[in-house]
Amino acid sequence: MVELTLSEVEGSFKIKFVDGSWNGLKNLKFILRQSFSILICFLAHLCCSAQQTTTSYKKRVLEAAELDMLFSYYGQEGQNAAVNGGEGTEELTDATSTLVLRMPLNEDDVLTIDVGISAYTSASSSDVNPFDSQGRASPFDASSGESRTDELVYFNPSYSHSSDDRNKIWSAKGYVSNEYDYFSVGFGGSYAYLFNEKNTEISISGQVFLDSWNPQYPVELRGGFAENIAGYDPIFERFENENRNSYSLSFGFSQILTKRIQGSLSVDLVAQNGLLSTPFQRVYFGDVQDFFIEDFQLADDVERLPDTRFKVPIGGRLNYYLNDIIVLRSYYRYYFDDWGIQSHTASLEVPVKLSDKFTIYPTYRYYQQTAADYFFQKEIAQSTFDFYTSDFDLSEYTANQYGFGVQYKDILTKMRLFLFGLKTIDLRFNYYDRSDGLTASILTLGTTFIVD
């Protein structure tokens, strides 16, 4: 398994590696695909029934069921793979398909079901076992073994209720996801209160994730491997705790300042404990002899990080309605944690309305962070240290992201596909460039249908 993010603290993108068989996941993927159409038709039928049996004339929170169909393709390249101790190819591709169905149960209540499948191929993750193919083992060449691919499936239902005056909204949600070596269960809820003629909103939300690992260690650190290499005696010990728990509490404040300006503030408190290290990410020490098989250097140990972490992101948004054509949407966030990372994020999006149906979205995002206290480049950490990692997601770097999007919107849903009326099509492309050499391209396509 490999976990890869655009930034450790940004939380913008994650995938995980599998080393071993995943027939169970393939079966789950097949079942999930077959269930999509049944689920949509069944819930659409319930929605229509609910609409037909209601006798109240109160305006609904959601007038009709909506179905979002989302697809994204992500590709990246780099030369600082954490699987190989901060050296080697980071080439990766990921394709994700998601369905989100929002169904009004009555005037006040909405049920949302979010299901998705993510499948990826990773050159770096194949190096958890670089010797499982016929090619010469090297951190800069992908192994052709099965360990280079994996799939993730998840299910995320939520339920929300609005008061009669629409000034109070509470929600509850759950989450479950599964991969070969990682299983996650989560739950949470939120409450929002609007006042001052709905010009002001305050909110609070909380989430809990209870995760468990099935650790996949580098092949050379597994039983029986080291005994066959003269002099190779890594200090490696398996992790005893294989659970990871995350708890978050979020506070939000939103205010309409003038007819043209709207702003918001948010504060998140995140606490984690358990196995926060990634079991397959190698570390090479500066005071230990190097050992190679072919062109591949054997690990001295795996990443070791503290078993607790506390994070605090503080963010603000300011939107300015320039005129009927242009809106300015700005965002800033400051982040710090007790691992020594501080970061700044700033972004600007400028929707430009070309017509009643078409809008374009040029975007720019800047990110900068300091290094974690435990980050060391290859062969800099010493074997006597308590904590160490060579994951460049925890290094000091800056990043720029440039994007452009096009949206088609038809609130009358004149275009139809069977029982579905097309409401929006959203196509976006983003290019990500990090100062350590990592680059990525992200293409997303989203559609929203109204279910009659």
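What comes next is a walk through the structure. (Residues numbered from 1 in each chain as written. Predicted model: local features only at pLDDT ≥ 70, side-chain atom pairs only at ≥ 80, totals over all residues. Heavy atoms only, no water.)

### So, the overall build of the protein chain
- Looking only at helices and strands, the protein chain features one helix and 22 strands.
- Looking at the protein chain residue by residue over its 452 residues, the buried ones come to 49%.
- Within the protein chain, contacts between residues at least 6 apart in sequence are counted, and of these 64% link residues at least 24 apart.
- A total of about 21,800 Å² of accessible surface is found on the protein chain, and carbon and sulfur atoms cover 57% of it. (Helix = DSSP H or I, 4+ residues; strand = E, 2+ residues; numbered from the N terminus. Buried < 20%, exposed > 50% of the residue type's maximum accessible area, 1.4 Å probe, protein only. Contact = heavy atoms within 4.5 Å. Areas by Shrake-Rupley, 256 points an atom, 1.4 Å probe, with all protein chains shown as cover.)

### Looking at the pairing of strand E14 (residues 308-321)
- Examined bridge by bridge, strand E9 (residues 261-274) and E14 share 11 bridges and lie antiparallel to one another. Among the inter-strand pairings, Gln272 is bridged to a residue of E14, identified as Arg309.
- When E14 meets strand E15 (residues 327-337), the two strands line up antiparallel, connected through 11 bridges. Residue pairing across strands places Val312 opposite Phe336, the latter belonging to E15.
- Two successive antiparallel strands, E14 and E15, enclose a turn made up of five residues. (Pairing = 2+ DSSP bridges.)

### Concerning the nonpolar core
- Ranked by internal contacts, the top residues of the largest apolar core, which has 14 residues, are Leu221 and Tyr232.
- Each residue touching Tyr232, except ones within four places of it in the same chain, is listed here: Glu220, Leu221, Ala226, Phe291, Leu298 and Ala299. (Core = buried A, V, L, I, M, F, W, Y, C linked by side-chain atoms within 4.5 Å.)

### What to know about a nonpolar patch on the surface
- On the surface, a nonpolar cluster with roughly 890 Å² of combined accessible area is contributed by Phe71, Tyr73, Tyr364, Tyr366, Tyr402, Leu427, Phe429, Tyr431, Leu443 and Leu445.
- Ranked by residue count, the leading element in the nonpolar patch is strand E21 (residues 420-434), at three residues.
- Note that Tyr366 resides in strand E18 (residues 358-369).
- Taking relative accessible area as the criterion, Tyr366 reaches 32% and is therefore assigned partly exposed. (Patch = residues over 30% accessible without salt bridge, like charges linked within 9 Å, V, L, I, M, F, W, Y side chains within 5 Å. Salt bridge = Lys/Arg side-chain N within 4 Å of Asp/Glu carboxyl O.)

### Quick notes on unusual backbone geometry
- Even without a glycine there, the phi angle at Arg166 is positive, about 65 degrees.
- Inspection of the secondary structure assignment puts Arg166 in the loop between strand E4 (149-162) and strand E5 (168-178).
- Of note, Asn196 is a non-glycine position whose phi angle comes to about 55 degrees, a positive value.
- Checked against the element boundaries, Asn196 lands in the loop between strand E6 (182-195) and strand E7 (200-213).

### Focus: the pairing of E9
- Pairing geometry for strand E8 (residues 243-256) and E9, over 13 bridges, is antiparallel. Its bridge partner lying in E9, Gln255 is registered against Gly263.
- Adjacent in sequence and paired antiparallel, E8 and E9 are bridged by four residues.

### Here we look at the environment of Asp141
- As for its placement among the helices and strands, Asp141 is situated in the loop between strand E3 (109-122) and E4.
- Put simply, Asp141 and Glu91 are 50 residues apart on the chain and 9.6 Å apart in space, counted from C-alpha to C-alpha.
- Excluding its chain neighbours within four sequence positions, the residues that come into contact with Asp141 are Thr89 and Asp127.

### Quick word on the environment of Glu242
- Here Glu242 shows up in the loop between E7 and E8.
- For Glu242, a relative accessible area of 33% puts it in the partly exposed group.
- The spatial distance from the C-alpha of Glu242 to the C-alpha of Leu276 is 9.3 Å, given a sequence separation of 34 residues.

### Remarks on the pattern of salt bridges
- Inspection of the entire model under this criterion finds 15 salt bridges.
- Among the salt bridges present, the one from Glu220 reaches Arg282, with a minimum N-O distance of 2.7 Å. With a gap of 62 residues between them, Glu220 in the loop between E7 and E8 and Arg282 in strand E10 (residues 282-283) connect regions that are remote in the sequence. The residues Glu220 and Arg282 share a single accessibility class, namely buried.
- Across the salt bridge formed by Glu349 and Arg428, the nearest N and O atoms sit 3.0 Å from each other. Highlighted residues: Glu349 in strand E16 (residues 342-349) and Arg428 in strand E21, separated in sequence by 79 residues.
- In this structure Arg428 comes out as partly exposed when scored by relative accessible area, which is 23%.
- Each of Glu66, Asp68, Arg102 and Lys423 takes part in a single network of salt bridges with overlapping partners.

### Concerning the packing of aromatic side chains
- In the structure shown here, the tally under the stated rule is 19 aromatic pairs.
- Between Tyr217 and Phe239 the ring centres are 6.3 Å apart and the planes differ by 20 degrees, which places this aromatic pair in the stacked class. With Tyr217 in the loop between E7 and E8 and Phe239 in the loop between E7 and E8, the pair connects residues that are 22 residues apart, well separated along the chain. The residues Tyr217 and Phe239 share a single accessibility class, namely buried. (Phe/Tyr/Trp six-rings, centres within 6.5 Å; stacked < 30°, edge-to-face > 60°.)

### Considering the side chain of Ser162
- Looking at where Ser162 falls in the secondary structure, it is placed in strand E4.
- Each residue touching Ser162, except ones within four places of it in the same chain, is listed here: Val61, Asp108, Lys168 and Ile169.

### Let's talk about the environment of Gln272
- Within the secondary structure layout, Gln272 lies in strand E9.
- The exposure class of Gln272 is buried, given its relative accessible area of 13%.
- Leave out the neighbours within four places in its chain, and Gln272 touches Arg244, Asn245, Ser246, Asp307, Thr308, Arg309 and Lys311.

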